[in-house]
Amino acid sequence: MADSSPKRAARRAGALRWDGVVGVLLLVLLLLSFGFVDGFGNALNLSFLIGNTLPIALIALPMTLLVVAGEIDLSVASTAGLSGAVMGALWNAGMAIETIIPICLLLGVVCGLVNGLLVTRLGLPSLAVTIGTLAAYRGIAQIVLGSNAVTDFPAPYLDFAAGRIGSTFVPYAFLPFLVLLAVAVVVLHATPFGRSLFAVGANEEAARFAGIRVRRHKLWLFTATGLMSALTGVFWALHYASARYDNATGLELSVVAAVLLGGIDFDGGRGTLGGAVAGVFLLGGLQNAMSLLNVSAQSQTVVTGVLLVISVLGPRVARQIAARPVALPVPPAPQTSPGPSERDR
Amino acid sequence: MTRSEPDAVPVLALEGVSKSFGAVRALRDVSLRLYAGEAHALAGENGAGKSTLIKTLAGVHRPDTGTVLLDGRPVVLHGPADARDAGVAVIYQEPTLFPDLSVAENVFMGRQPRRSLGRVDHRAARTAAAALFARLGVDLDPQQPARGLSIADQQLVEIAKALSSDARVLIMDEPTAALTGSEVARLFGVVRTLREQGAAVLFISHRLEEIFRLCQRVTTLRDGALVASDLLGDPQGRRAPESGGSGASGGSGSTGGSGGSGGSDRPAGSGGAAGPADAADGAGAPGGRGLTEDDLVRRMVGRDLDELYPKQDTPIGEVALDVRQLTREGVFTDVSFTVRHGEIVGLAGLVGAGRSEVARAVFGVDRWDAGSVHVDGRPLTNGAPSIAMAAGLALVPEDRRAQGLVMGMSIERNVNLTALTGLGGTVRGGLMDRRAERSRALDWAVRLQVKYAALADAVGTLSGGNQQKVVLAKWLATTPKVLIVDEPTRGIDVGTKAEVHRLLSRLAADGVAVLMISSDLPEVLGMADRVLVMHEGRLTAEIPRAGATEESVMAAATGRGTTGRAA
Ligand SMILES: Nc1ncnc2c1ncn2[C@@H]1O[C@H](COP(=O)(O)OP(=O)(O)OP(=O)(O)O)[C@@H](O)[C@H]1O
Ligand SMILES: [Mg+2]
């Protein structure tokens, strides 16, 4: 006796979900670009597009979970830079790449743990903490590598990070990303852990009262974010065949922009990974198309900024439209109220 | 006498108002008139539309059809600020204080006393707030931040806020739901004075005896439609006017028609046709005398009520919850008690005595500084709710908005929040089992008679009482061994209250140990096998069911006569 189906159908029809909107926008962008932007549709350009967007996409996965839980990490790009710098330094020191990469990933875990502990143990706001570590991690990266650029990584690794499968548009690195995406989707949308993140982001106190281990969950998220950032740092250095201390500078803004554009509520408690990934590729696709159209870098920045503002406004407007009462020819039948008693006459 | 005459102009009125939310028709063609000097009660089951009506009067909602009349003239209220400027003060059902502002700043939100150059006069605000609290007999520091106030204190701040504006119309949506007898008495004293000075009052409460104590007239809603508007008599049906100058109630009662239409043609009535067809159902009513409590219940629910406190005697088993010398510095001290399987133990005390704080520490959301808690002989870890839950403990918290529910989340997900540890059968192989989630939520929503449109609706769209039922559902669904309920029936209507009591009684019969905190003393006395009383952070008395009376409990709660007189 719960949902009478006409009501539900109407509710569905009336609801306008922002992640759906972003998906449609992405499709429109792709169709327009295929049709009207010279050079967009060929496999090589598409593989460039995907490859260049992958760093943002990789970090967007844990960032989505973090923002859903009501936190944020702005140190991700610095962690990536640090990971690349350490990779370069150790390679210069003659260590084997098979040893270096795990070390870099471990370093990312430590960076994330530091953020997480500062936030959960000391109760500091993550925005402030990670602005601090944004500067600190980048500083350490510069100390580690100075202004050197390390480029001579082993060819198989460089080929994997920069190459594509045959003459298709699919970079090799896209495949592991798809695996990670699937994992993240399952974690956020199908496990108790993911479910509780929405509660933590929307009402942390109520989550605590429901027995959810809020601090431990957050610590996990920061750690995972550090790990993925370090992985991205490794990928970046190999993809562009250059390990420098300033790799990926400013990437955190692209990630946050993409995630918000994908409908993840900055206040926490709302959003889907599908939306976030659509947001990432919308942003990446737009930049690619604009470059092909010779739009100046400044104008690209303006477009990105405007998109960011839309991304904050859009979901709210969509929610308001969805919440607007729909006139329905359904008789009001309160579900479980006891009906008027039958009186003996 | 300030009593209204049939032809007097109502200060504030609704005429033929309807309001829908999507497919839910919250108000259907409702009319209501508030007269100067009259206290008017609004009664009805959970979800009947009371809060919606109030929000319409306050300009929060715009009616779909119908009009709001101020001094007899139609007005369009664009928001609460408009209502406030018109002299209408409103206390909403859920306190909405700004947690980071001080109590005094909250009281004078939007109309702070000013000094020259428009600077806020903080000192004047503090003094004025302190004076208001003194009048209400409340022990609150105007300078403390609103964050962390108990639900009762939040409610008192809201009351002070409404009283401070010298309003012509005072509207109160369940202001007493978390208050104990003495705070209620103070509040009523202040409200009576205001009314005698000519204010119009609209009052909502699910404690019917309060309606009879404070009000002269009651309007009843059922499923959004007006049932009737009657003058009130004596709750038991005798004709005894109450204090506060309502001596006229018997007399003017006779102006109402005693014919079958159930009083709907009274001066402040529904305009005849508004009531649903079965309105006459409840009209076994008042010819020359006013409405009785039974009449009112029949008006609200459309039937007679079962026993309100259906406590059955059950064999009492082993100790289930054992709290030893629990102390949290500055909050409560050296609290020791046990609750046995099959036993319902009441925890009484005034607002601020530390009852909720003890419950929170036992459950683990707050840490304790000394002492221990055992469930079935096994010690609990300090500050770990998940471990307490695994041991079979459940806590229904007092503040549903802040602690009990995630308002933007669906009913279904809220109910299942307590199952994320895997204890509720909604997790299979590490993944959420959507079908199990759905049936678990549906099962409990039906058992507690939650009134909703779809389980996927945000819990925030439910009426206050129905939100409370979702909090109960969320915790009862964990099938606890030890159940701590903090104000379990706050905002729940009489019919469902009896249902909740039956449920608690049945749980006890099944061997669950129940610790019940309630500001509703009759509820404690009616349900508890044993009553513990707290006063200023200490346990001052333990009274067996036989010896528990209003007097003995209140004596211990106010610090007069301690353990000695318990026996
Ligand atoms: N913002 C909203 N969106 C959707 N439905 C709503 C909204 N506000 C109220 N309703 C619905 O309108 C109906 C009346 O709710 P209302 O809050 O007025 O009840 P109430 O009489 O105050 O009940 P209670 O005694 O439980 O507080 C309910 O069915 C409720 O679900
Ligand atoms: Mg209400």
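Scoring rules and cut-offs
Residues numbered from 1 in each chain as written. Chains lettered and ligands numbered in written order. Predicted model: local features only at pLDDT ≥ 70, side-chain atom pairs only at ≥ 80, totals over all residues. Heavy atoms only, no water. Core = buried A, V, L, I, M, F, W, Y, C linked by side-chain atoms within 4.5 Å. Buried < 20%, exposed > 50% of the residue type's maximum accessible area, 1.4 Å probe, protein only. Helix = DSSP H or I, 4+ residues; strand = E, 2+ residues; numbered from the N terminus. Pairing = 2+ DSSP bridges. Donors = N, O, S within 2.8 Å, 3.2 Å for Na, K, Ca; no water. Contact = heavy atoms within 4.5 Å. Axes fitted to C-alpha atoms, helices over the stretch in contact; angles between N-to-C directions. Phe/Tyr/Trp six-rings, centres within 6.5 Å; stacked < 30°, edge-to-face > 60°. Lys NZ or Arg CZ within 6 Å of the ring centre and 35° of its normal. Expected span 1.5 Å × (residues − 1). Polar contact = N/O pair within 3.5 Å; in protein donor to acceptor, adjacent residues only side chain to side chain. Near = heavy atom within 4 Å. Areas by Shrake-Rupley, 256 points an atom, 1.4 Å probe, with all protein chains shown as cover. Nonpolar A, V, L, I, M, F, W, Y, C, P; charged D, E, K, R; others polar.

(A) Quick look at the nonpolar core. Within the largest apolar cluster, 92 residues are counted, with the highest numbers of intra-cluster contacts made by Met87(A), Phe153(A) and Phe177(A). When residues of this core are assigned to their parent elements, the largest contribution, 13 residues, is made by helix H3 (residues 43-68) of chain A. Counting 68 residues, the second-largest nonpolar core is a separate cluster that includes Leu326(B), Phe337(B), Trp475(B) and Leu507(B).

(B) Seen up close, the pairing of strand S9 (residues 217-222) of chain B. All names here are of chain B. Counting buried residues in S9 gives six out of six residues, a clear majority hidden from the surface. One ladder, built from four bridges, connects strand S3 (residues 39-43) with S9; its direction is parallel. The residue bridging Ala 41 from the neighbouring strand is Val 218, located in S9. Hairpin connection of S9 to strand S10 (residues 225-231): two residues between the antiparallel strands, including Asp 223 at a positive phi of 50°.

(C) View of the coordination of the magnesium ion (ligand 2). Residues and elements named next belong to chain B. For the magnesium ion (ligand 2), the full set of protein donor atoms is Ser 51 (OG) and Gln 93 (OE1), and the range of their distances to it is 1.9 to 2.1 Å. Separated by 42 residues along the polypeptide, Ser 51 in helix H1 (residues 50-57) and Gln 93 in the loop between strand S6 (88-91) and helix H3 (103-107) bring together distant segments of the chain. What makes Ser 51 buried here is its relative accessible area of 18%. A residue is classified by how much of its surface remains accessible, and Gln 93, at 10% relative accessible area, is buried.

(D) Highlighting the sheet that holds strand S11 (residues 319-328) of chain B. Residue and element names in this part refer to chain B. The four strands are arranged S12-S11-S14-S15 in an open sheet whose pairing can be described as antiparallel. The open sheet is flanked by strand S12 (332-340) and strand S15 (378-379), the only strands paired with a single partner. Where S11 lies against strand S14 (residues 370-375), five bridges are found, and the strand directions are antiparallel. Counted as the bridge partner of Thr 327 is Ala 370 from S14. Against the sheet, helix H10 (residues 355-363) touches S11, S12 and S14, its axis set at about 70° to S12.

(E) Spatial organisation of the packing of aromatic side chains. All told, the structure shown has nine aromatic pairs over all chains when counted by the stated rule. Consider the rings of Phe34(A) and Phe40(A), whose centres lie 5.6 Å apart with planes at 90°: the pair is edge-to-face. Overall, Phe40(A) belongs to the buried group, its relative accessible area being 0%. Ring plane angle 45° and centroid distance 6.0 Å describe the contact between Trp91(A) and Phe153(A), whose orientation is recorded as tilted. With Trp91(A) in helix H4 (residues 76-92) and Phe153(A) in the loop between helix H6 (126-145) and helix H7 (155-162), this residue pair connects regions lying 62 residues apart in the sequence. Grouping aromatic residues by their ring pairs yields a cluster made of Phe174(A), Phe177(A) and Phe281(A). Positioned above the aromatic ring of Trp444(B) is the side chain of Arg447(B), whose terminal nitrogen or guanidinium carbon lies 4.1 Å from the ring centre.

(F) Seen up close, the sheet that holds strand S16 (residues 393-396) of chain B. Residues and elements named next belong to chain B. In spatial order, the strands read S16-S19-S20-S13-S21-S22; together these six strands make up an open sheet with mixed pairing. Two strands lie at the open edges of the sheet, namely S16 and strand S22 (538-544), each paired on one side alone. When strand polarity is set aside, the average angle formed by the axes of neighbouring strands in this sheet is 20°. As paired elements, strand S19 (residues 482-486) and strand S20 (residues 513-517) share five bridges and run parallel to each other. Within S20, the residue paired with Asp 486 across the bridge is Ile 517. In the packing of H10 onto the sheet, contacts are made with strand S13 (344-349), S16, S19, S20 and strand S21 (530-535), and the angle to S16 comes to roughly 145°. Set on the sheet, helix H18 (residues 550-557) makes contact with S13, S21 and S22; between it and S21 the angle comes to about 30°.

(G) Focus on helix H16 (residues 494-509) of chain B. Residues and elements named next belong to chain B. A rise of 1.5 Å per residue sets the reference length of H16, with its 16 residues, at 22 Å; its end C-alpha atoms lie 22 Å apart and thus fit the reference within 8%. By the criterion of burial, H16 is predominantly enclosed, with 12 of the 16 residues buried. The N-terminus of H16 is capped by Asp 493, whose side-chain oxygen sits 3.1 Å from the backbone nitrogen of Gly 495. Taken from the residues just after H16, Gly 511 is the one with a positive phi, measuring 100°.

(H) Inspection of H1(B) at higher detail. Residue and element names in this part refer to chain B. For H1, a buried count of seven out of eight residues is recorded, marking the element as mostly surrounded by other parts of the structure. Of the residues making up H1, those classed as buried are Lys 50, Ser 51, Thr 52, Leu 53, Ile 54, Thr 56 and Leu 57. Gly 59 sits one or two positions beyond H1 and adopts a positive phi of about 80°.

(I) A look at the environment of Met95(A). Note that Met95(A) resides in the loop between H4 and helix H5 (97-120). Looking at Met95(A), the relative accessible area reads 31%, which means it is partly exposed.

(J) Inspection of the site of ligand 1 at higher detail. All names here are of chain B. Looking at ligand 1, there are 20 residues lining it, with Lys 50, Ser 51, Thr 52, Ser 463 and Gly 465 nearest. Within the backbone of Ala 48, a nitrogen or oxygen atom sits 3.2 Å from an oxygen atom of ligand 1. For ligand 1, an oxygen atom lies 2.7 Å from a polar atom in the side chain of Ser 463. When isolated, ligand 1 has an accessible area of 630 Å², and the protein chains bury 86% of it. Counting residues per element, the ones that place at least two in the shell around ligand 1 are strand S2 (24-34), H1 and helix H15 (464-476). Class assignment of the residues belonging to the shell around ligand 1 gives a composition of five nonpolar, 12 polar and three charged.

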